[in-house]
Every structure is written in C-alpha cells, then in structure tokens.
Amino acid sequence: MQHSEVKPFNYSALESQPGKILLEGKRYILFNAEAHGTLRRDLIENLGMERSKGFLLRYGWECGVHDAKDQKEKFPTISDYELIKKGAQLHKFQGAVDVHLFNLEMDLDNNKYYLESVWGDSYEVEQHLKYFGKSNEPICWTLLGYAGGYATELLGRGIYYKEVSCRARGDERCFSIGKTLEEWGDEFKTEQLHYYNETKIAEELDVAYKRIQRQNDLLSKTTSLHEQLNQMVLSGKGLDFVIEKVGSLLNYPIIVENVNLKSLGWWLPQDSKSSIQDFTLSTYVNEIPELQLILKRIEKEKRPLDWCRSENSSHTIIPILIGDELEGYLSVVHSNDSESDFVRMVAGRAAGVIALDFSREKIKLETENRLKGEFIDELLDSLKPVEEIKKRALYMGYDFNKKHQLMIWEIDPRVKEQLQQDKFLEFRKKIYNIINSAVSSINKKSLVIERKQEILSIIFPNDKWQITKIVDEVNSILQKNFNKLTVSICISRLSYSIEELRNVYSEARNTLQLLTNNGRIGETFYVDDLKSFDLFYAGSANDQLLSFSKSMLNDILTYDKENDSELTWTLYTFLSNDCQLQTTAKLLSLSVSGLKYRIQKIKDVGDFKWDNTEEKFNLLLSLKVLRTNGLL
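Residues numbered from 1 in each chain as written. Predicted model: local features only at pLDDT ≥ 70, side-chain atom pairs only at ≥ 80, totals over all residues. Heavy atoms only, no water.

## Focus: the pairing of strand 8 (residues 254–258)
As a general feature of sheets, a regular strand has side chains that alternate between the two faces. Counting buried residues along strand 8, 5 of its 5 residues qualify, which places the element largely inside the surrounding structure. With burial as the criterion, each face of strand 8 is covered, one bearing Ile 254, Val 256 and Asn 258 and the other bearing Ile 255 and Glu 257. Summarising the sheet, strand 8 and strand 9 (residues 263–267) pair through 4 bridges and their orientation is antiparallel. Bridging from a neighbouring strand, Glu 257 pairs with Ser 263 of strand 9. A loop of 4 residues connects strand 8 with strand 9, the two strands running antiparallel in sequence, and Leu 261 in this loop sits at a positive phi of about 65°. As defined by bridge partners, strand 8 adjoins strand 12 (residues 325–335) across 5 bridges and the pair is classed as antiparallel. Residue pairing in the sheet places Val 256 in a bridge with Leu 330 of strand 12. (Buried < 20%, exposed > 50% of the residue type's maximum accessible area, 1.4 Å probe, protein only. Helix = DSSP H or I, 4+ residues; strand = E, 2+ residues; numbered from the N terminus. Pairing = 2+ DSSP bridges.)

## Points about the sheet that holds strand 14 (residues 446–451)
Strand order in the open sheet formed by 5 strands is 14-15-13-16-17, with mixed pairing between adjacent strands. Every other strand in the sheet has two partners, leaving strand 14 and strand 17 (524–526) as the edge strands with one partner each. Between one strand axis and the next, the sheet turns through 15° on average, direction left out of account. Relative to strand 15 (residues 454–459), strand 14 runs antiparallel, the two sharing 6 bridges. If you follow Ile 449 over to strand 15, its bridge partner there is Leu 456. Sitting on the sheet, helix 17 (residues 498–517) touches strand 13 (405–411), strand 14, strand 15, strand 16 (487–491) and strand 17, and the angle it makes with strand 13 is about 30°. (Axes fitted to C-alpha atoms, helices over the stretch in contact; angles between N-to-C directions. Contact = heavy atoms within 4.5 Å.)

## Some details on the environment of Leu 581
Mapped onto the secondary structure, Leu 581 falls in helix 22 (residues 581–588). Note: C-alpha distance between Leu 581 and Val 592 (11 residues apart in sequence) is 6.6 Å. Residues in contact with Leu 581, not counting those within four places in the same chain, are Phe 574, Leu 595, Lys 596 and Ile 599.

## Some thoughts on the packing of helix 1 (residues 33–47) against helix 2 (residues 49–74)
Two numbers describe a pair of packed helices, the interaxial angle and the distance between the axes. Close contact between helix 1 and helix 2 brings their axes to 7 Å; oriented N to C, the two are set at 140°. By the angle between their directions, the pair helix 1 and helix 2 is classed as oblique. Regarding helix 1 and helix 2, the two cross each other, and that crossing is right-handed. Where helix 1 approaches helix 2, its residues His 36, Arg 40, Leu 43, Ile 44 and Leu 47 are matched on the opposing element by Met 49, Arg 51, Ser 52, Phe 55, Leu 56 and Tyr 59. The class makeup of the residues in the contact of helix 1 with helix 2 is 7 nonpolar, 2 polar and 2 charged. (Parallel < 35°, antiparallel > 145°, perpendicular 65-115°, else oblique. Left-handed = near helix turned anticlockwise from the far one by under 90°. Nonpolar A, V, L, I, M, F, W, Y, C, P; charged D, E, K, R; others polar.)

## Thoughts on helix 1
Every α-helix winds through 3.6 residues per turn, so residues three or four apart in the chain are directed the same way. Its 15 residues place the ends of helix 1 21 Å apart at the C-alpha level, agreeing with the 21 Å of an ideal helix rising 1.5 Å per residue. Listed as buried for helix 1 are Gly 37, Arg 40, Leu 43, Ile 44 and Leu 47. End-on, the buried residues of helix 1 take up no more than an arc of 130°, which puts them together on one face. (Expected span 1.5 Å × (residues − 1). Arc of directions from axis to C-beta.)

## Section: the side chain of His 334
Topologically, His 334 is positioned in strand 12. Classification of His 334 as buried rests on a relative accessible area of 5%. Separated by 2.7 Å, the side chains of His 334 and Thr 316 make a polar contact. Non-local contacts of His 334, meaning those with residues more than four positions away in its chain, are made with Tyr 252, Asn 312, Ser 313, Ser 314, Thr 316 and Val 343. (Polar contact = N/O pair within 3.5 Å; in protein donor to acceptor, adjacent residues only side chain to side chain.)

Okay, structure coming up:
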C-alpha cells in the first residue's frame with residue numbers, strides 16, 4: 001500500500017515559552033545538526049565504529065519509543081496505519097530526514113509486518129561524509145533505531161529495520177525495510193540484534209579507557225618510528241629508505257606521488273601479485289569523480305582522508321606538506337578490517353619525515369638551479385671568456401661538444417596582465433616546476449632555469465623523439481591543471497658547441513618573439529621547420545631590416561597613404577607570384593588590363609626595376625618584412 005495523504009504537522013503548532021519549545025504539549029529541544037555531527041565524530045573516535053553504532057541505534061530507538069507514546073496518547077482513535085504514517089511525518093517535521101513510505105503490510109494476528117522506507121536528505125549521511133568520507137556500510141543508525149523503536153512501541157511487537165542501501169556508501173538513495181524479528185530470522189539476530197542490547201555507561205567507559213591505552217601504545221610505537229625515520233633522513237638516507245621502513249612495518253602497499261600524481265617511490269609486500277599501477281592514485285583519478293573530490297578536499301583542508309576503493313580495501317591518503325604548501329601524497333592501501341588508527345598514525349609520521357626530505361631536496365635543487373641560472377647567464381650573455389665557461393660546464397657535468405638543443409617556454413603575456421607581480425611570479429614558479437619535473441623525468445642530463453621573462457631548457461637528447469615527448473608531457477599536465485593556459489614553445493636547431501649555442505639561442509628567441517608578436521600564441525615552433533625567410537629575419541637585426549624596408553618602399557607607401565590606394569599590396573602579390581599577370585589578377589579580383597595599369601603606376605611612383613634580379617629580391621624581402629611586422 002503506497003503512502004497516502006496524512007495531515008502534516010504545522011509549524012504554527014509549535015508553542016514557545018521562556019526556555020521551552022512545545023509541540024502538541026510535549027517539550028522538544030532544538031539541536032544543530034552540526035552538533036550531532038560533532039557528537040558522532042567524537043563517539044566514533046573514542047568508542048570505535050562498532051560501539052558507536054550500537055550507542056546511536058539505541059539513542060534513536062528511545063527517541064522513536066517516546067514519540068510513539070506521545071502519538072498514541074494524542075490520537076487514541078486513529079488506526080495503526082495512520083499512526084505509522086504520523087511517525088514518518090513527525091520525523092520529517094523534526095528535520096532529521098525526508099521520509100517516504102511504501103508497501104506497508106500489517107497482519108499482527110499472524111505476526112506479519114513489512115514496510116519499505118526511502119530516506120531523503122538524511123542528516124546522518126551529511127555529517128558522516130563531512131567527518132569520515134565514504135563509508136563501507138550503511139550509517140543511518142539513529143534513523144534505523146527511531147523507525148524500529150517507534151513501530152515496536154506502537155504495535156507492541158519487536159519491529160526492526162535494516163538499511164539496505166545508503167548514500168554514505170555511494171548508493172543512489174537511503175532505503176530501509178522493516179520486519180518483525182521473527183521474519184528477519186537467525187541471520188539478523190546473530191549480526192544485528194546485539195547492537196540493541198543496553199550497555200552500562202561504566203562498560204562503555206571501560207572500553208574507552210582500554211582504547212585510550214591502546215592509542216598510547218600506538219603513539220609510543222609511532223614516536224619511536226618517527227625518531228628512526230628522522231635519523232635515516234638526517235644521515236643522508238632518502239625517500240626509498242623511509243618507504244621501505246614503513247612498508248615493512250605495516251606490510252601494506254605504500255606509494256608516494258607528487259602533486260601531479262607522478263610516482264616518486266613505492267613499496268609492495270613480497271607476496272603481492274599486483275603491479276604498482278594497481279595502487280597509484282594516478283591510475284584512478286581521471287575515471288573516479290569521488291577520488292577527485294577527495295584530493296581537492298585534502299588540498300584545501302590539509303588533512304588525511306580515506307578513499308574506499310572497494311568492499312575489501314581502502315586508501316589512506318596523507319598530504320605531504322612543507323608549511324602550507326602541498327607537495328605530494330603518501331598512500332597506504334590496506335584492508336577495511338585493518339587497524340586504521342595505527343595505519344593513519346604511522347603514515348602521518350612518515351609523511352612528516354618525507355616532507356623533511358622533500359624540503360632538503362628542494363633547498364638543494366633551488367641552490368643548483370641558482371648556480372645553473374648564473375651559468376646560463378654567463379653563457380648566453382657572453383659575460384665571461386668561452387674557455388672559462390667550458391671548464392665550468394665540464395665541472396658541472398655538461399659537455400657542450402655533444403649535440404644539444406634549446407627549448408624556450410613563454411607563458412601567455414595576458415596572464416601577467418591579469419595578475420599582480422608577486423602572484424605572477426608565484427604562478428610562473430608552478431609552471432617552472434611542472435616543466436622541470438617533466439624534462440628531468442624524460443632527459444636526466446638537462447638544464448631547466450627561469451631566465452628573465454622566459455623558462456629555458458637545454459636538452460642533450462638521446463633520440464629524436466625526446467623533445468616531442470617533453471612537449472606532449474608538459475602540455476598534458478598544463479591542460480589538466482590550468483585548463484585555459486597557453487604556453488608558447490620554440491625548439492632550436494641542434495647545436496654542437498658553446499660558441500654556436502649563443503647564436504642558436506638568439507635565433508630561437510627572436511623567432512619566438514616574432515611569431516608571438518604576430519598573434520601565434522600557444523603554438524610550438526621548431527626552428528628546423530620554419531621557412532628560410534623566418535630564420536633569416538629571426539637571426540638578424542630586425543630593427544635594421546625594418547628601417548631598410550621602409551626606406552626602400554617609402555615612395556609607394558607614401559602614395560598609398562595619401563591616396564588610399566593599394567599599390568604596395570598589389571606589388572607584394574605580383575612579386576610573390578613570380579610576376580604572373582593572370583594569377584595576380586585573379587588573386588586581386590582585377591582584370592588583366594586593370595592590373596597592367598596598376599603595375600605601370602607602381603613603376604612611375606617608385607621607379608622600381610624588378611627585371612633586375614637583385615632589386616627584385618630586395619623588393620620582395622622588404623615587402624615580407626613589412627608584412628611580418630603587420631604593416632602590410
């Protein structure tokens with residue numbers, strides 16, 4: 001029988017007296033749902049999940065019993081059916097849940113009772129997800145207790161509810177079924193009935209005391225571990241030793257990933273039949289929105305969270321922090337029945353030590369990068385004699401007699417316009433870290449520095465595909481992290497000496513500036529693929545070229561400006577098409593006779609002689625320079 005209309009509770013029925021709220025003559029206390037959430041959190045953290053479940057079930061049961069007594073007293077003449085529905089309305093009125101009842105069947109003479117309930121907007125789901133994240137089991141315990149206590153008191157029979165699905169577990173809805181104890185059978189009696197048995201507060205306190213004792217034991221163990229890990233790092237042992245120590249202690253897979261979810265190290269139990277890819281966050285993050293939300297929460301809240309990957313296993317994810325800056329994640333993949341408190345405490349200590357190792361490496365890298373930056377400045381700006389620079393390069397482990405290439409990275413200048421100077425420098429540092437990480441992972445022998453307004457990489461490629469791999473990897477990471485960011489890249493031709501590198505850099509730098517100034521932002525340019533004119537213009541003193549071009553075409557430019565004509569464009573089209581009348585006329589939408597008139601006018605105004613090969617070359621070069629600078 002589907003739920004029919006029952007006269008709802010009216011908020012006007014609430015009666016307020018000093019220090020009292022009355023509903024139908026009975027006193028109620030108004031509690032904040034957040035306070036209930038805090039109580040739930042403290043109970044679970046101090047009593048454990050199982051005992052807290054029993055406590056909250058019994059609390060809900062007593063609430064249901066008292067409400068049923070009140071409703072029977074208030075409405076002695078209405079049917080049991082109507083009173084069941086009245087209880088659902090009351091629970092909804094109290095703000096605990098939006099209850100919808102279905103398929104209510106009662107035959108108490110034959111000990112039969114069946115009711116389906118859909119619970120919308122459960123306050124318990126809301127609070128549990130806030131403090132504990134996704135659960136492995138249904139968690140609407142006070143709602144279950146309330147429904148069972150209400151029906152039992154009302155009907156005088158033992159009625160118990162079971163939550164079949166729950167949104168806190170990832171199900172679409174919270175759905176429960178109520179039956180008599182006899183109808184539930186032995187399985188329910190064995191697995192669930194003990195939660196409803198009263199436990200004296202002294203027993204609960206004893207359990208809490210023992211739990212605190214155990215936590216003290218765990219704290220002692222983890223403190224000892226923390227000291228050992230610190231000594232390992234201080235003695236020069238790095239990330240791999242820390243991971244192995246923690247993995248051996250817990251005997252669970254341990255994975256450390258950076259903020260871009262690149263694996264930095266891992267440990268697997270000897271009996272593991274899985275590969276590391278089965279455990280890394282990067283394997284699942286693009287396909288599981290729940291994991292994406294968890295990682296965003298970790299980044300925002302700077303605290304550990306659990307991700308329930310399956311019914312049998314969970315990831316405890318600990319943020320690795322240097323100050324307030326998130327540097328990576330430490331994940332422990334453990335069974336759901338494991339000692340999660342111990343896992344979290346050990347992993348938390350390990351993450352702190354790994355952060356110390358990260359900090360040490362970060363300082364080391366920043367020092368190295370500063371020295372590399374100074375070296376590159378000396379190299380490209382000719383600040384020191386070449387022989388001295390060569391010696392320093394060899395001392396740093398770089399042999400510039402081997403083939404090498406430059407990569408120049410330039411962030412869209414519009415980003416700088418939108419951000420304040422300090423914010424832009426902070427943003428560029430993030431981009432630099434991404435580029436540095438990608439380049440270093442693909443080409444170990446490389447230099448990556450921040451230089452003036454650009455990021456510069458010097459690569460010693462092992463094969464011709466390494467540059468392409470670097471470009472694809474960086475673009476992929478930038479796309480994931482900064483959806484609309486555009487970065488322009490110029491890859492130089494190969495260089496085989498320090499002396500040659502300076503010219504190669506100027507060529508690549510000028511090429512990138514030339515093409516981005518003409519609107520080609522966010523592209524990747526390979527100098528080897530550019531036309532000869534682009535290279536000639538990029539590698540030359542372009543200010544002088546522009547001045548020369550304007551001078552050579554001065555008469556015709558002046559004529560066009562004064563007469564609003566297009567003689568310069570006509571000349572560019574004519575010379576670009578090897579002086580072919582038919583082709584040029586078609587491109588300009590002119591008749592051949594009309595084109596001939598213009599060409600004669602050009603000769604008269606400019607006194608040009610393009611039948612002379614040298615003058616024709618200079619004319620076309622000058623026209624291309626104007627076009628490249630947006631003046632034609």
